[in-house]
Each structure stands twice: as structure tokens, then as C-alpha cells.
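Chain by chain, the residues:
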Amino acid sequence: MTLPLTELTAELASLSEFLALLECEISRADNGASVAVLVLSLRRSDRINALMLPSHAQEARQLFSRRMQPILRDKDKFVFVSEDECWFILPRLASEALAILAVHRLLNELAKPFKVASQTIFFSPSIGIACAPMHGQSAVSLLRAADIAQKNAWRDNHQFVLSRALEEHGALPENLLTVLEEVLDANRLEMRYQPKVALRERKIVSVEALVRWPFDHALKVETTMLIDTAERYGLIELLTMRVLNQVLAQYVAWKNDGLDILVWVNLSARLLSHEQLPQVLARALAIWGVPASSIGLEITESALIHDIEHTTSLLFELKAMGFHLSIDDFGTGYSSLAYLRRFPIDELKIDRMFIHGMTESIQDEQIVQSIIGLAHNFGLPVVAEGVEEERTLKALEQLGCDQIQGYLFARPMPGDQLIAWCRDFHQAQGST
Ligand code: C2E
Ligand code: MG
Ligand code: MG
């Protein structure tokens, strides 16, 4: 059954409508009335398109709208920003407590699974809440605060988190931009390296380079926040060059010490539209005398599906230059594997969200199992990231996963510790 969405539901048709309404409500939010923003991540059990028909996705969305209707007031609105994420505006609230009450009702509703065609869809929602004027006084700052709260909720396994004091994130951006420019100018970013281990042979195959904010800096900035800020303020090219130069210098140092190892570098989505990307990469390699075949590029799934034609030709160009290519965070971008097959990729990394969940949730395990099965059908090896526990490793081994990466074997480490770590690791494996 199809619903006339606009008439019946609180769902707004577009993000711009949502933002305009939010700005308008924020401007009224003084005199004791506040406006709450909720960022809701649904974590639907069917969020891999490969497992779901498009018509079912549409039906599930309509069902969601219908379920929301009775628990929302007329003035409450929401918008879908992706198949798995919704943003809500709850305007003119007498107190913050009312926002929390609304969240409880929402969670109650989502605790009941949806039936779509012959499928049952479950949710593992997490919600971030932010209120104006307390946590932000513009649509962007409020959404940002709610988004951070949602990520904290997800990370700490809470169903919802209320945004904390303003200074924790509100004051950061302006300051952070200046400080980030200083850090980049002074080339102070640090690198850590995390091994990828072949599961069957228990052998180190490669390492992933992960950037870190300088440890001795007065400000503490998490890597995701660092990347996010660099992307937002147009500093990602510079950051990537800084990273690449450190990585290439490290590769040469390892090689001189007898370790010739493939190093993976993360490429931000924004960089894919950089016209000179292949040339810039080639220049850096030439300076250090490193062959492209010693470097891998990890690109997140969502970045690939943005501008398919351009991405396809770019990836073929990078592949022809000799780079290894990996799809990072697979499972979060709703693309089907059949679709990704057109790209000349060498491996697929399953997002750690699914890996964390797989020993607890049968759905997450099924998702991991089907990703591995499909990837193998296409001849692609699979890496599982975020493996922290022995039982996860055992489960992945049974499912035929090819490589793992995670705290169980090693946390990201400074480059000068890698050679000793590899030796100890192989000795320990040899003695078991
Ligand atoms: P990613 O590429 O998916 O990297 C994996 C993240 O998982 C890393 O977080 C890593 O430290 C973390 N991780 C690895 N094993 C485990 C585990 O067992 N448990 C848990 N809880 N976490 C684990 P990190 O270093 O904070 O990086 C976050 C993201 O930032 C990366 O996700 C990547 O998208 C981006 N990033 C990191 N370094 C760079 C860089 O040099 N350039 C660009 N453009 N992005 C980067
Ligand atoms: Mg990565
Ligand atoms: Mg990843």
C-alpha cells in the first residue's frame, strides 16, 4: 500500500526544507521555549541493498512514517538523510525533559520490528539530542552537536545521549581551524600503523597508516574530528600530502632496515574529485623513489558511489599506475556488491560496526557472512576491521574471512616499533 506522504506524515520532502524550518524555529527559541534536534541512526537489519529489494526499502520507509505519526505532535517534523538516518525537529518545548520523553516513545516504537513483504526488519537505534539555544544557536551547530551525541551513543552502546556542555564541541570549530592550519604548516601530524594479518597463515600482509593529532598538543583532537575539519575547511589536500610524505619516508626507512611491506593510505572522499590526484600521487612517489605497487589506497564505499563515471575512470587510472585499491567501511553505504564490481578493486574491508556486532547479533553475523560470500564470488579477498576479541576471530575464521585488523592483534603503533612487533608476532605464531 502506498501512502500520500506529504499529506499524512510529519516527513519533510527535502533537507533544505528541514534546515529552513530549523533556522526559523531556532530564531524563536528563547523565552523559556527550546527546540530539540534528534539525529537518529536506525541501524536497520536489512541495510545492505544486496539483501533487499528497492521496493521493500520504499515500503519500509512509508511504514516508518506511519509509525511515527501518532507519537509526534503536529509541529514535529523529520527528514530522511539516508536509508538509515533521520533528523527530527521538535520545536517549542517547555523543557529538555520533553525531548527525552519523545525519544523514549520513539525508541518504544522502534523496538517493534517492521514486517515488509516476507522480511522482518529490526532496528538497533541510537539517538543524539541537542537543544537550542543551549547546545547551539544555528541549524548547523545544533545538528553537529546532535551528531556528536549520536556517535557517542553508538560508541558507548547507549540508545540515546543528550549533547553535553557547549564548550565541549561548540567552541571547538573556529579555534580548531586556526590550530589545524598551524599544525599542518609545522608538519606536526603524527602517524600510526596498524597491521593487517592473513587469518589462515597468521602472517602480516600489510599495514594501514592512520593519522594522529600531535600527542603533545594542548588540544586533544580525535582523528575523525581532524579529518572532518580538514575536509570541511578545504585542508584535506594539504593533510593528505603531509600524511603521504610521512608514509613514504617511513616506507623507505623500513625498507632500509629489511622490511618491505605494503602500506595502505586512506583517501578522503573529497580528494576523488581533485583533478590532479594521480599526478600529485605520482610526484610524491617519484620524490621518495617508491613504486606505486608498494602503496594501497583505501577509499570509503560511500565516496565511490558519488560520481560513478568519474570514479570509475579515476580508479582505473590509479590501478594502471600500480596502486592497490581497497573499499573501506563496506556495509555503510548501501551499495550492492554487484554494483561495485565495475571498479578495479583488490579487497573489501567490512566496517567495524558489523564486526563488533557479530558475536552478539545474528543479523550482523548474517550480514558479515553474506558480504564474505558475495565478495568471494567476485574473487575479492575480505578484510575485517575492528577485531577485538578471540571469539570474533574464530567466527570470522569459520566464515572464511581472509584478513583481520584490530586491537586483538595490534593497536595502531609508531613506525619505529613495527619491525620488532612483526618479529615478535611471527615468533609467537611459530611457537603456538
Ligand atoms: P578507517 O580507515 O576505517 O580506520 C579504522 C579505524 O578503526 C581507525 O580509527 C583505527 O584506529 C580503528 N580501529 C582499528 N582496530 C580497532 C579495534 O579493534 N577496535 C576499535 N574500536 N577501533 C579499531 P582512527 O585511526 O581513529 O581513524 C578513523 C578514521 O579516520 C579512519 O577510519 C579513516 O577513515 C580516517 N583516517 C585516519 N587516518 C587518515 C588519513 O591519514 N587520511 C584520511 N583521509 N583519513 C584518515
Ligand atoms: Mg581505512
Ligand atoms: Mg574502515
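Refer to the preceding data block for the structure.
Throughout what follows, the structure given in this document is the object of discussion. (Residues numbered from 1 in each chain as written. Chains lettered and ligands numbered in written order. Predicted model: local features only at pLDDT ≥ 70, side-chain atom pairs only at ≥ 80, totals over all residues. Heavy atoms only, no water.)

### Quick look at helix α5 (residues 139-155)
The terminal C-alpha atoms of α5, which comprises 17 residues, lie 24 Å apart, in line with the 24 Å expected from a rise of 1.5 Å per residue. Among all positions of α5, only Ala139, Leu142, Leu143, Arg144, Ala145, Ala146, Ala149, Gln150, Asn152 and Ala153 are buried. Among the residues trailing α5, Asn157 stands out with phi positive, at a value near 65 degrees. (Helix = DSSP H or I, 4+ residues; strand = E, 2+ residues; numbered from the N terminus. Expected span 1.5 Å × (residues − 1). Buried < 20%, exposed > 50% of the residue type's maximum accessible area, 1.4 Å probe, protein only.)

### Regarding the coordination of the magnesium ion (ligand 3)
Distances from the magnesium ion (ligand 3) to its protein donors, Asp328 (OD), Asp329 (OD), Glu385 (OE) and Glu385 (OE), fall within 2.1 to 2.5 Å. Taken in sequence order, the residues that donate to the magnesium ion (ligand 3) follow the motif D-D-x55-E. In this structure, the magnesium ion (ligand 3) lies 4.1 Å away from the magnesium ion (ligand 2), the two metals sharing Asp328 as a donor. With Asp328 in strand β12 (residues 324-330) and Glu385 in strand β14 (residues 382-385), this pair connects stretches of sequence that are 57 residues apart. (Donors = N, O, S within 2.8 Å, 3.2 Å for Na, K, Ca; no water.)

### Things to note about a nonpolar patch on the surface
Taken together, the side chains of Leu15, Leu19 and Val81 present a nonpolar region at the surface, about 190 Å² in accessible area. Inspection of the secondary structure assignment puts Leu15 in helix α2 (residues 15-28). Owing to a relative accessible area of 37%, Leu15 belongs among the partly exposed residues under this scheme. (Patch = residues over 30% accessible without salt bridge, like charges linked within 9 Å, V, L, I, M, F, W, Y side chains within 5 Å. Areas by Shrake-Rupley, 256 points an atom, 1.4 Å probe, with all protein chains shown as cover. Salt bridge = Lys/Arg side-chain N within 4 Å of Asp/Glu carboxyl O.)

### Quick notes on helix α10 (residues 277-288)
Each turn of an α-helix holds 3.6 residues, which means side chains three or four residues apart point in the same direction. For α10, spanning 12 residues, the distance from its first C-alpha to its last is 17 Å, which sits close to the expected 16 Å at 1.5 Å a residue. Looking only at α10, the buried set comprises Leu277, Pro278, Val280, Leu281, Ala284 and Leu285. Seen from one end, α10 has its buried residues packed into an arc of 165 degrees, which puts them on one side. Looking at α10, the residues exposed on the side facing more than 90 degrees away from the buried face are Arg283, Ala286 and Ile287. (Arc of directions from axis to C-beta.)

### Things to note about the environment of Arg391
In this structure, Arg391 sits in helix α16 (residues 390-398). Those residues in contact with Arg391, other than ones at most four positions away along the chain, are Thr359 and Glu360. For Arg391, the side chain forms a polar contact with the side chain of Glu360, separated by 3.0 Å. (Contact = heavy atoms within 4.5 Å. Polar contact = N/O pair within 3.5 Å; in protein donor to acceptor, adjacent residues only side chain to side chain.)

### Quick look at the state of the cysteines
Evaluation of the coordinates by the stated rule reveals 0 disulfides. No disulfide involves Cys24; its sulfur sits 17 Å from the nearest other cysteine sulfur, which is in Cys131. Under the relative-accessibility criterion, Cys24 is labelled partly exposed at 35%. Of all cysteine sulfurs in the structure, the one in Cys131 sits closest to Cys86, which takes part in no disulfide; the separation is 18 Å. With a relative accessible area of 0%, Cys86 lands in the buried category. (Disulfide = S-S within 2.5 Å.)

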